[in-house]
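For reference, the chains in residue letters:
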Amino acid sequence: MTAVRAGAAALPGLLSQLGRDAADDARPVITVAVPAASLEDAVRRLAAHPGARLADVFAAGGGPAAGRDAAAAGPVVLRLVWGLDADRGYLITESEIEGERYPALSDIAPAAFYEECEIYEQFGIRPGGGKPLNRVALPPQAATTPGQAPPRLGRAPVEPPGDVHALHHVGGHAFEFPFGPVRQVGVESLYYGLVTSGEEVVDLYLFTWHKHRGVEWRLQGRTPREALFQVERTEGLGAVGNAWAFAVAAEAALGLEPPAPAARARAVALELERLYNHAAATAALCQSTGLVIGQAAAEIALERLLRVNAAAFGHRYLFGVVDIGGAAAGPDAAVLRRDLPGAYGELCRAADALLATNSFLDRLEATGILTQEAARRLGLVGPVARASGVATDTRVDHPGPPYAGLPPAVAAATAGDVLARFRVMLAESAESVRLIGDLLDAGAGPGRAEPVGTEPGGSQPRGETREARGGPARAGMAARSGLGWAESSRGEALAWVALDDTGRITRARLRPASVRNWRGFDDACRSQNVFTDIPIIEASFWLTVAGTSR
Amino acid sequence: MTLWFLRGLRRGVVTTRYPARPDASAAALPTPPAFRPEALTRALADRLAAACPSRALARDGDALVFDVGACTACGRCLAEAPGAATSSGEFELAATLPAHLVKRIPLLAGGGAAAPATEGGSP
């Protein structure tokens, strides 16, 4: 991975440079300092660049004093992460924002609206133009609970954000039907604001802040290895994907490169995570369509896959596999070769039966359609985007070890409905099983990169840094940052980490795939669907509230 | 449903035996630790408390206080003190009161003055 720093004037040259670097498998990450006055122009250029998509927007305090004492820090720095998929690289623009306003990014790149709301809540700066902003993270009572400071990353906004969707209108014969945040047993807290004229979904908006836990705020001051515990638990069903993205970011900052067998161990765990999530989505689709026999069949497959995880890695949900600099656990290859075909065969039998059941397919076909244009405009990722004809997959577009040598076949479809998403998940499951076989053949096991400065044969255990044992990473090391990514079962997971000169986190940004894809959910629900389609669409998206309300 | 009702009447119970059979996969699950009091010192107890990310461990005088309900079975204490902590193999932790999940484990190895707070402690 190479990181380059340059000014805005160098933007065109850097974009052409990216393609050449990618040809050498350099996994380039380019960081460009863009003055706030030039930010709007830079965003227009990048949005028009072929194959570019706005992957994330986040802010941080202006200096090392940022964090829990962010109010005392300098200007807020706004960072935009661009996935340049055609060029196989990422580009980060950094802009120091003086004052409380910055150019309205969502006017150019609509995918940025959610983050504009989030940044206003967390840092008190807002886009120009005076557009209304939503409450997306901190609950209303967070600022008013006596003796309890809200988990805010920066300074508080002057005016609290609104509690309703900015563009939401109820008129004519339509009325609003509130649903949630407490839903049926075992389903995460989520509030739907359903606008309907009786049965058809006219509009839908979500409140996700009921579950906000301030994870990014809690990571400040920790070492990357300490933080990994919380990162894995940010979104339990995406533990491997999110932890891998975070680990890559920390490794970029620390200059570590995981050993090849450890990288393959991570990939085995990631593909197992994809498998069990797709099985769980299949069971949820059956439940939402009232097909209890199919649901039971898919849940048997799910349970068998979870038991394979436990036998292979020691944890049903694959916690504790990813480590900073490598993998803390390796797969039991014999167990996987013996048990995985049977568990996957169970899923195949359930899927084959479902694909031959017309009453099931009728509910999926033409339900929750998401167009390719909407998927691109909103920057969606993963199976949701691929089923709408946006075949982005970081394992292919931004390959790192071990996928650079074992590229998966990307499953895609164009219909954009629930059935297309279901078929994409099934195709991906088959590909994951093939990949796991190849990864095991190549050799996968635990291991960790030897950090710079550890004396061979010294008193520290192999692979342990002072940072890893709870102390500073390396006395006098420079403050650094890094970007990481992984293709989780829901799509591209991103993480960005900044470390101070003692190796502790000053700002960690976690962007699970759920954060991106929830913004496409309301579009899919509005496309001529009725109430009873909503659980089917939600199952086909298979997102988590925890991932977005982190 | 009728069959279940008649079965309950005949046997005098309406529930099935638990577990119906041993679950072989349970052996592969992570479980909370079991501590050897004779291997625990105050210094080691402090290190264990610092290593625990979910704050399930704390030292109180000459006892290690272990809140099993807060334990996530992450295994960090096993790595920190392999001679003093082992995996308990116990994952069924139901209790009638939360207080029943808190254990006080005496530090029988005594010795070892309390260690200073490590830099890796949670903020």
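Examining the overall build of chain A
Next up, step 1: For chain A, the count of helices and strands is 17 helices and 16 strands.
Next up, step 2: Scored against the burial criterion, the 550 residues of chain A give a buried share of 57%.
Next up, step 3: Look at the contacts in chain A between residues 6 or more apart in sequence, and 70% of them connect residues 24 or more apart.

Structural notes on the confidence of the model for chain B
Residues and elements named next belong to chain B.
Next up, step 1: On average, residues of chain B score 82 in pLDDT, and 86% of them reach the 70 mark or higher.
Next up, step 2: Low pLDDT, under 50, characterises residues 114–123; the predicted model gives this stretch 20 contacts beyond four residues in sequence or across chains.
Next up, step 3: The ipTM value of the predicted complex is 0.73, and its pTM value is 0.87.

Some details on helix α8 (residues 292–313) of chain A
Next up, step 1: With 22 residues, α8(A) extends 31 Å between its outermost C-alpha atoms, agreeing within 8% with the 32 Å of an ideal straight helix rising 1.5 Å per residue.
Next up, step 2: Backbone geometry just downstream of α8(A) places Gly314(A) in the positive-phi region, at approximately 90 degrees.

Regarding the confidence of the model for chain A
Next up, step 1: Mean pLDDT for chain A: 85, with 85% of residues reaching 70 or above.
Next up, step 2: The low-confidence segment residues 62–68 of chain A (pLDDT under 50) makes 24 contacts with residues lying over four places distant or belonging to another chain.

Brief notes about unusual backbone geometry
Next up, step 1: For the peptide bond that leads from Gly180(A) to Pro181(A), omega is 5 degrees, which places it in the cis range.
Next up, step 2: Relative to the assigned elements, Pro181(A) resides in the loop between β8 (175–179) and β9 (191–196).
Next up, step 3: Pro401(A) connects to Pro402(A) through a cis peptide bond whose omega is 0 degrees.
Next up, step 4: For Pro402(A), the location among the structural elements is in the loop between α13 (394–397) and α14 (418–442).
Next up, step 5: A positive phi is found at Leu318(A), a non-glycine position, where the angle reads about 65 degrees.
Next up, step 6: Here Leu318(A) lies in the loop between α8 and β11 (322–323).
Next up, step 7: Of note, Ala73(B) is a non-glycine position whose phi angle comes to about 55 degrees, a positive value.

Side note on the sheet that holds strand β10 (residues 201–207) of chain A
Residues and elements named next belong to chain A.
Next up, step 1: Strands sit in the order β8-β9-β10 across an open sheet of 3 strands; the sheet is antiparallel. A strand with exactly one partner marks an edge of an open sheet, and here the two such strands are β8 and β10. Shown here is a sheet whose adjacent strand axes are inclined to one another by a mean of 20 degrees, direction ignored.
Next up, step 2: One ladder, built from 6 bridges, connects β9 with β10; its direction is antiparallel. Within β10, the residue paired with Thr196 across the bridge is Val201.

Some remarks on the nonpolar core
Next up, step 1: With 192 residues, the main nonpolar core has Ala245(A), Phe246(A), Ala249(A), Ala279(A), Val321(A), Val497(A) and Leu48(B) as its most contacted residues.
Next up, step 2: The dominant element in this core, judged by the number of residues it contributes, is helix α7 (residues 260–288) of chain A, at 17 residues.
Next up, step 3: Counting residues domain by domain, this core receives three or more from each of domain 1 (3–166) and domain 2 (215–448 + 471–544) of chain A.

Focus: the sheet that holds strand β3 (residues 63–67) of chain B
Residues and elements named next belong to chain B.
Next up, step 1: In spatial order, the strands read β2-β3-β5; together these 3 strands make up an open sheet with antiparallel pairing. Here the strands that pair on one side only, and so sit at the sheet edges, are β2 (57–60) and β5 (102–106). Going across the sheet, the axis of each strand differs from the next one's by a mean of 25 degrees, ignoring polarity.
Next up, step 2: Judged from the 5 bridges that link them, β3 and β5 form a sheet pairing that is antiparallel.

Here we look at the packing of α14(A) against helix α16 (residues 534–541) of chain A
Residue and element names in this part refer to chain A.
Next up, step 1: Relative orientation of the contacting elements α14 and α16 amounts to 30 degrees, with a least axis distance of 9 Å. Accordingly, the angle class assigned to the pair α14 and α16 is roughly parallel. Handedness of the crossing formed by α14 with α16: left-handed. Between α14, through Val418, Arg421 and Phe422, and α16, the contact on the second element is made entirely by Ile536, Ile537 and Ser540.
Next up, step 2: Considered class by class, the residues forming the contact of α14 with α16 number 4 nonpolar, 1 polar and 1 charged.

Points about the domain arrangement of chain A
Residues and elements named next belong to chain A.
Next up, step 1: Domain annotation of chain A identifies domain 1 (3–166) and domain 2 (215–448 + 471–544).
Next up, step 2: Contacts between the two partners involve 23 residues from domain 1, matched on the other side by 23 residues from domain 2.
Next up, step 3: Among the elements of the structure, β3 (52–60) and β5 (89–97) are those that each provide at least two residues to the side of domain 1 that touches domain 2.
Next up, step 4: The element best represented in the side of domain 1 that touches domain 2 is β3, accounting for 6 residues.

Side note on the packing of α8(A) against helix α9 (residues 333–355) of chain A
Residues and elements named next belong to chain A.
Next up, step 1: For the pair α8 and α9, interaxial distance at closest approach is 9 Å and the crossing angle is 165 degrees. Considered as vectors, α8 and α9 are oriented roughly antiparallel to each other. In this structure, α8 meets α9 at a crossing whose hand is left-handed. Taking contact as the criterion, the partners of Gly294, Ala297, Ala298, Ile300, Ala301, Arg304, Leu305, Val308, Ala311 and Ala312 in α8 are, on α9, Val335, Leu336, Asp339, Leu340, Gly342, Ala343, Glu346, Leu347, Arg349, Ala350, Ala353 and Leu354.
Next up, step 2: Class assignment of the residues belonging to the contact of α8 with α9 gives a composition of 16 nonpolar, 2 polar and 4 charged.

Calculation criteria
- Numbering of residues begins from 1 in every chain and follows the order in which that chain's sequence is written.
- Working convention: letters from A go to chains and numbers from 1 go to ligands, in the order in which they are written.
- With the structure being a predicted model, the display of local features is reserved for residues of pLDDT at least 70 and the display and counting of side-chain atom pairs for 80 or more, all residues being used for whole-chain, interface and lining totals.
- By the criteria applied, helices consist of DSSP H or I runs no shorter than four residues and strands consist of E runs no shorter than two, each listed in order from the N terminus.
- Here a residue counts as buried when 20 or more other C-beta atoms fall within 10 Å of its C-beta, as exposed when 12 or fewer do, and as partly exposed in between; the C-beta atoms come from the backbone.
- Remark: residues whose backbone-derived C-beta atoms lie within 7 Å of one another are considered to be in contact.
- Confidence of the predictor at the level of single residues is captured by pLDDT, which takes values from 0 to 100.
- Expected helix span is given by 1.5 Å per residue-to-residue step, counting one fewer step than there are residues.
- Note on pairing: DSSP must find at least two bridges between two strands before they are called paired.
- Orientation is described by lines fitted to C-alpha atoms, with helices fitted over the stretch in contact, and by angles between N-to-C directions that extend from 0 to 180 degrees.
- Nonpolar cores are identified as sets of buried Ala, Val, Leu, Ile, Met, Phe, Trp, Tyr and Cys residues joined via C-beta atoms within 7 Å.
- What marks off one domain from the next here is an automatic or database domain assignment.
- Should an angle lie under 35 degrees it is considered roughly parallel, over 145 roughly antiparallel, and from 65 to 115 roughly perpendicular; all remaining angles are considered oblique.
- In this scheme, a crossing is called left-handed if the near helix is turned counterclockwise away from the far one by less than a right angle; it is called right-handed if the turn is clockwise.
- All residues other than Ala, Val, Leu, Ile, Met, Phe, Trp, Tyr, Cys, Pro, Asp, Glu, Lys and Arg, Gly among them, are scored as polar; the first ten of these are nonpolar and the last four charged.

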